[in-house]
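# Summary of structural features
Here are the chains, one letter per residue:
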Amino acid sequence: MTITETIIPGVLLLEPKVFSDERGYFFESYSKRTLLEAGIDIDFVQDNQSMSHKNIVRGLHAQKAPYEQGKLVRVLQGAVMDVAVDARKGSPTYGRHVSVELTADNKKQLWVPPGCLHGFVSLMDNTIFAYKVTAYFGKDSEVGVFWNDPELAIGWGISEKDAIVSAKDQVLPDFKSLVSPFNY
Ligand SMILES: Cc1cn([C@H]2C[C@H](O)[C@@H](COP(=O)(O)OP(=O)(O)O[C@H]3O[C@H](C)C(=O)[C@H](O)[C@H]3O)O2)c(=O)[nH]c1=O
């Protein structure tokens, strides 16, 4: 597993070692030991999976205490442009984002620590997104910011006209309205 830091402290890009042979391929998609060796000491309590048609945008979401979530995200089928936004008060990269293409082919993963908003746009139909989270779903702990907030300047590669967004996500507030419950 190759683990690479990003411009946001704590947001990490993970690239597994893939063993290919005439049968296909094998790789360890998660290893607590591998993450520990990289200084990431986390325990997951829940796995999530969603399927999205092309141009679906999910996010930007996070959960506040007592259900702050770290997320280890990847794509099992299809492709997304995945985005993490730093919402941690006091962080040197507060309001900055990381975006990375995660696909079934590149097998890349992104570790999104607690305090970062997360979202993605699906680049293909039948995109299956799978992720491990460090805290349970807390419906009343959900925090969200409008995906295409110009202040965040995220290059989603899709217009608001073409994006398919849930009614809930369409009415999320802009980033500057967020009274961040997260600390760096
Ligand atoms: C997240 C979650 C949702 N739900 C229920 C609540 C709704 O009835 C239904 C769909 O939830 P939602 O529309 O919030 O799903 P997404 O828009 O994919 O939300 C996720 O999308 C972005 C990309 C994220 O990073 C978060 O993990 C998560 O917020 O599943 C649960 O029962 N458990 C859960 O952990």
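Everything below is about the structure printed above this text.
To start, this report covers the structure provided alongside it.

Reading the values: the criteria
- Throughout this description, residue numbers start from 1 for each chain and increase along the sequence as written.
- Given that this is a predicted model, residues contribute local features only at a pLDDT of at least 70 and side-chain atom pairs are listed and counted only at 80 or more, while totals for whole chains, interfaces and linings are drawn from all residues.
- Based on all heavy atoms of the structure, the side-chain values leave hydrogens and waters out of the count.
- Being near a molecule or strand, for a residue, means having at least one of its heavy atoms within 4 Å of it.
- We define a polar contact as two N or O atoms separated by no more than 3.5 Å, with the added condition that, inside protein, one atom must be a possible hydrogen donor and the other a possible acceptor, whereas residues neighbouring each other in sequence contribute only through side-chain atom pairs.
- A cavity here means a set of 1 Å grid points, computed over protein atoms only, where a 1.4 Å probe fits but cannot escape. A pocket is an open set with protein on both sides within 12 Å along at least 5 of 7 lines, and lining residues have an atom within 4 Å of a point.
- Pocket or cavity membership: a molecule qualifies when more than half of its atoms sit within 2 Å of the grid points of that site.
- Numbering of helices and strands starts at the N terminus; helices are DSSP runs of H or I of at least 4 residues and strands are runs of E of at least 2.
- Residue polarity follows a fixed list, in which Ala, Val, Leu, Ile, Met, Phe, Trp, Tyr, Cys and Pro are nonpolar, Asp, Glu, Lys and Arg are charged, and the others, Gly among them, are polar.
- Grid points are joined across faces, edges and corners, and a volume is the space filled by probe spheres set on the points.

So, on to the site of the ligand. Residues in close proximity to the ligand include Gln 46, Asn 48, Arg 58, His 61, Lys 71, His 118, Phe 120, Tyr 131, Phe 137, Glu 142 and Lys 168, which together make up its full environment. The side chain of Lys 71 places a nitrogen or oxygen atom 2.9 Å from an oxygen atom of the ligand. A distance of 2.7 Å separates an oxygen atom of the ligand from a polar side-chain atom of His 118. Mapping the ligand onto the cavity grids shows that it belongs to the largest pocket. Broken down by secondary-structure element, the contributors of at least two residues to the shell around the ligand are strand S5 (46-52), strand S6 (56-63) and strand S12 (116-122). Of the residues assigned to the shell around the ligand, the class counts are three nonpolar, four polar and four charged.

This next bit is on the layout of surface pockets. A volume near 440 Å³ is recorded for the largest pocket. For the largest pocket, the lining is made up of 24 residues, of which His 61, Lys 71, Tyr 131, Glu 142 and Lys 168 are closest to its centre. Among the elements of the structure, S5, S6, S12, strand S13 (127-133) and helix H2 (167-170) are those that each provide at least two residues to the lining of the largest pocket. For the lining of the largest pocket, the leading source of residues is S6, giving six residues. Residues of the lining of the largest pocket, tallied by class, amount to eight nonpolar, eleven polar and five charged. Empty space within the second largest pocket amounts to approximately 150 Å³. If you go around the second largest pocket, the residues you meet are His 61, Ala 62, Glu 142, Val 143, Gly 144, Lys 168, Asp 169, Leu 172, Pro 173 and Leu 178. Elements represented by at least two residues in the lining of the second largest pocket include exactly S6, strand S14 (142-144) and H2. Ranked by residues supplied to the lining of the second largest pocket, first place goes to S14 with three residues. Of the residues contributing to the lining of the second largest pocket, the split by class is five nonpolar, two polar and three charged.

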